[in-house]
Amino acid sequence: VGAQAEFEELYRRHGGRVLAYVLRRASPSVADDVVADVFLVAWRRREDMPANALPWLLGVARKVLANRRRGEQRVVALTHRLASGHGNTDTTAGEVDERVIRALSRLGDSDRELLMLLVWDELSQAEVAEALGVRKNTVAVRLHRARRHFAEALAAEDANTPQMTEVPR
Amino acid sequence: MIDEALERLRDSNPVPGEVTPASVDYLLARIEADAPERPRRRLRARVATTLVPTLAVATALAVAAVAIVVLSHRRGGANTPASGPSTLRVPSRGMPGVLMVDGVTFEPRGLWTISLTQCFPCATNQRMRNWTLTSTDGGDSWSTEQAGWLNSGQFSNTRDGWATGATGVPGGRGEHAYVTHDGGRTWAVASAPAGWSVGGISVSGPMVWAIAARPGSGTLILRGSAAGDALSPVRVQPGTNDEAATVAAAGADTAYVDALRGHHVEHFVTHDGGERWQTLPRFCPIEGGDRTLTVDSPTSLWRFCWDGSAPALLGRSLDGGRTYRSYHVPAPGPQGAPERFQAVSGQIAWEMTDHGDVIRIIEGGARSKVVWWRKGSQRTAVHGVPEALTVVDAQLVYVTVVVPPAKGATGSNLVVYATNDGGRTWQAHVVPLPAEAH
């Protein structure tokens, strides 16, 4: 009974964050299944789970998604979903800047995932390291590079996008 | 500049903060269905009051059942009649980790190929193995090779088949087209334009069509002889840059291509082997709702449209995609999403939901019947997770299922269910998993 109560508490505490993580990267149609898969692994591996479980759970979610998505163009799917308006669920999302999404899609997989974990999932660098299964120093080095790459990609997108000009009446 | 860029990234978060997940009861029910060692809120009390007195009898029956399974395996026959899911027994010593089916091919003479990924352990750094399991006798005996994965193979005849896949790291880039000319016993990388990843194939009659993509270069539509070893770009391309475009072949010279342009999916068709392309009207009224296209003749096709809420919309066209008759198709099961739709004729199609419900659609879409409802029905065929639906014809259908470990077992198992009477009865084939994976 104790283990189950702890498991339910784990889900109540982190289920929303895990679902949000999945929704940023996958179709809403599979999100609940992915979350269930993540917590199934969590149940099986509950004795291995660290005290700060969220990065560990997101790391599992990342692997579950990677397996579901084999062969898919991840960012294409994300861009498609955002463009089709399926990115928003039951929260009030900010307005999505398509140039930002396109710039994000220009990055390599590791740079993109790093930035998304840090900025969208709001993990600390130490938590990102845990979610990715790498050392904290590695994250710091990669982050420096990823930030620069993203800024360059976004600048390029801005330069390629015609500016809207307000016509005086 | 960098800080400003990150600020804009933060402002463009499509799902800021956290969202409300499904209820914990849904999760527990889902885990209940997937793995019997997870929490059992309601069963626990019953165990103490009703099962304990019969424990000795149950133990004896279990020992007998294990003995039967062991003996049947020693005879070389792992097949078990699927008179009901509760009669199926799988080895207690399965494959550890999480098993995922990448692709399956079932050739009617009994040449079967299953591509399998094993994630073990899943909770630490990514560590995966890929296995290719092959049977040449309809599932009675199997050979195993640790290799790259093959995805969704299709056969032109009893010899020639095509698949996509990649060697090496799962999810890695550089997908190839693979070809077999011995009914699936051996596969080789087919020739295709260098630097392009082949992401989808479609075999119809003597020809194979494929989609290849290269980042920054858009897509190429390829075509080749199913009996050959090479794919070449068709002379005229439909002009799509969608790297996730799909192709569905319908005879030697006809192929339909779906590609995203802006916010919409565009439909193209050629009836002369890629010399000319026509743009077809859209069927799905929902942006992003186009799911699946299957064709059963050059002018007969089915489209699936689904926006995340049941029921799905099924479109049936008999004039090559110019006009459609629409039907609503149920998606049974909690939040089940329709997917893996496959038509076998102008009248009959099969659908599997992402929760593993199997539905047979008849009368050109006008009627449908659930032949396999994973949970909540006496039709439930197996305790496990259906991973692949393979429809050979109106009667012959295969469902590949991963069976999670039962309590006390060490791993998952793999079962192929086959029906040759349109889903009325099912034959179960327990796939022996490689010993070195334990």
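Residues numbered from 1 in each chain as written. Chains lettered and ligands numbered in written order. Predicted model: local features only at pLDDT ≥ 70, side-chain atom pairs only at ≥ 80, totals over all residues. Heavy atoms only, no water.

This next bit is on the overall build of chain B. Assigned secondary structure in chain B consists of four helices and 29 strands. The buried share of chain B, reckoned over its 438 residues, is 53%. Taking the contacts inside chain B whose residues are at least 6 apart along the sequence as the reference set, 43% of them involve residues at least 24 apart. Working note: accessible area of chain B is about 18800 Å², and carbon and sulfur atoms make up 54% of it. (Helix = DSSP H or I, 4+ residues; strand = E, 2+ residues; numbered from the N terminus. Buried < 20%, exposed > 50% of the residue type's maximum accessible area, 1.4 Å probe, protein only. Contact = heavy atoms within 4.5 Å. Areas by Shrake-Rupley, 256 points an atom, 1.4 Å probe, with all protein chains shown as cover.)

Residues and elements named next belong to chain B. Residue placement: Ser300 occurs in strand β19 (residues 300–305). A residue is classified by how much of its surface remains accessible, and Ser300, at 6% relative accessible area, is buried. In terms of polar contacts, Ser300 uses its side chain to reach the side chain of Arg316, at 2.9 Å. In this structure, Ser300 is in contact with Val295, Arg316, Ser317, Leu318 and Gly346, ignoring residues within four places of it in sequence. (Polar contact = N/O pair within 3.5 Å; in protein donor to acceptor, adjacent residues only side chain to side chain.)

Here we come to the packing of aromatic side chains. Counted according to the given criterion, the structure contains eight aromatic pairs over all chains. For the pair Phe106 of chain B and Trp112 of chain B, a centre-to-centre distance of 5.1 Å together with 75° between the ring planes defines the contact as edge-to-face. Given the relative accessible area of 5%, Phe106 of chain B is considered buried. Its relative accessible area of 4% is what places Trp112 of chain B among the buried residues. Through a chain of ring-to-ring contacts, three or more aromatic side chains come together here, namely Phe7, Tyr11, Phe39 and Trp43 of chain A. (Phe/Tyr/Trp six-rings, centres within 6.5 Å; stacked < 30°, edge-to-face > 60°.)

This part is about the sheet that holds strand β13 (residues 232–233) of chain B. The strands making up a sheet are joined through hydrogen bonds of the backbone, oriented either antiparallel or parallel. On the basis of which strands lie adjacent, the open sheet formed by four strands has the order β10-β11-β12-β13 (chain B) and antiparallel pairing. With one partner strand each, in any of the chains shown, β10 (197–204) and β13 of chain B form the two edges of the open sheet. (Pairing = 2+ DSSP bridges.)

Taken residue by residue, a regular strand's side chains alternate between the two faces of the sheet. All names here are of chain B. In terms of residue burial, strand β29 (residues 426–431) counts as a mostly covered element, since five of its six residues are buried. Where strand β28 (residues 413–419) meets β29, five bridges bridge the pair, whose relative direction is antiparallel. Bridging from a neighbouring strand, Val416 pairs with His429 of β29.

Next up on the list: the side chain of Arg112 of chain A. Here Arg112 of chain A lies in helix α6 (residues 109–120). From its side chain, Arg112 of chain A meets the backbone oxygen of Leu104 of chain A in a polar contact 3.3 Å long.

It is worth spelling out helix α5 (residues 98–106) of chain A at this point. When we look at burial in α5 of chain A, the residues that qualify are Val100, Ile101, Ala103 and Leu104 of chain A. Looking straight down α5 of chain A, one finds its buried side chains confined to an arc of 160°; they lie on one side. (Arc of directions from axis to C-beta.)

Take the confidence of the model for chain B next. Residues and elements named next belong to chain B. Averaged over all residues, the pLDDT of chain B equals 71, while 65% of them reach at least 70. Within chain B, the element-level pLDDT minimum falls on helix α3 (residues 43–51), averaging 27, and the maximum on β13, averaging 96. Low pLDDT, under 50, characterises residues 35–87; the predicted model gives this stretch 58 contacts beyond four residues in sequence or across chains. The low-confidence segment residues 122–126, where pLDDT is below 50, has 12 contacts with residues more than four positions distant or belonging to other chains. Across the assembled chains, the prediction reports ipTM 0.74 with pTM 0.54. (pLDDT = per-residue confidence, 0-100.)

The next subject is the confidence of the model for chain A. Residues and elements named next belong to chain A. Scored by pLDDT, chain A comes out at a mean of 71, with 72% of its residues at no less than 70. The least confident element of chain A is helix α4 (residues 74–83), whose mean pLDDT is 40; the most confident is helix α1 (residues 2–23), at 85. Note that pLDDT drops below 50 for residues 70–94; the model gives that stretch 58 contacts with residues more than four away or on any other chain. Residue range residues 163–169 is modelled with pLDDT below 50. Its contacts to residues more than four positions away, or to other chains, number two contacts.

Here the focus is the pairing of β28 of chain B. All names here are of chain B. Within β28, seven of the seven residues are buried, leaving the element largely enclosed by the surrounding structure. A two-sided burial pattern is seen for β28, the buried positions comprising Asn413, Val415, Tyr417 and Thr419 on one face and Leu414, Val416 and Ala418 on the other. Note that strand β27 (residues 397–403) and β28 share seven bridges and pair antiparallel. In the strand pairing of β28, Tyr398 is matched with Ala418. Hairpin connection, β28 to β29: the antiparallel pair is bridged by six residues, and Gly422 has positive phi, about 70°.

Ranked by size, the top nonpolar core spans 64 residues in total, and within it Val18, Val22, Val38, Phe39, Leu57 and Phe150 of chain A together with Leu9 of chain B carry the most contacts. With 10 residues, the top contributor of residues to this core is helix α2 (residues 28–44) of chain A. Val38 of chain A has contacts with Val18, Leu57, Val60, Ala61 and Val64 of chain A, leaving out every residue within four places of it along the chain. (Core = buried A, V, L, I, M, F, W, Y, C linked by side-chain atoms within 4.5 Å.)

For α1 of chain A, built from 22 residues, the straight-helix expectation of 32 Å at 1.5 Å per residue is met to within 8% by its first-to-last C-alpha distance of 31 Å. Of all the bends found along α1 of chain A, the most pronounced is centred on His14 of chain A and spans about 50°. (Expected span 1.5 Å × (residues − 1). Bend = angle between axes of the 7 residues up to and from the residue.)

Our next topic: the environment of His176 of chain B. Residue and element names in this part refer to chain B. Tracing the sequence through the fold places His176 in strand β8 (residues 176–180). With a relative accessible area of 31%, His176 lands in the partly exposed category. Sequence separation between His176 and Trp196 is 20 residues; the distance between their C-alpha atoms is 8.5 Å. Ignoring any residue separated from it by four or fewer positions in sequence, one finds His176 in contact with Ala163, Thr164, Gly165, Val189 and Val198.

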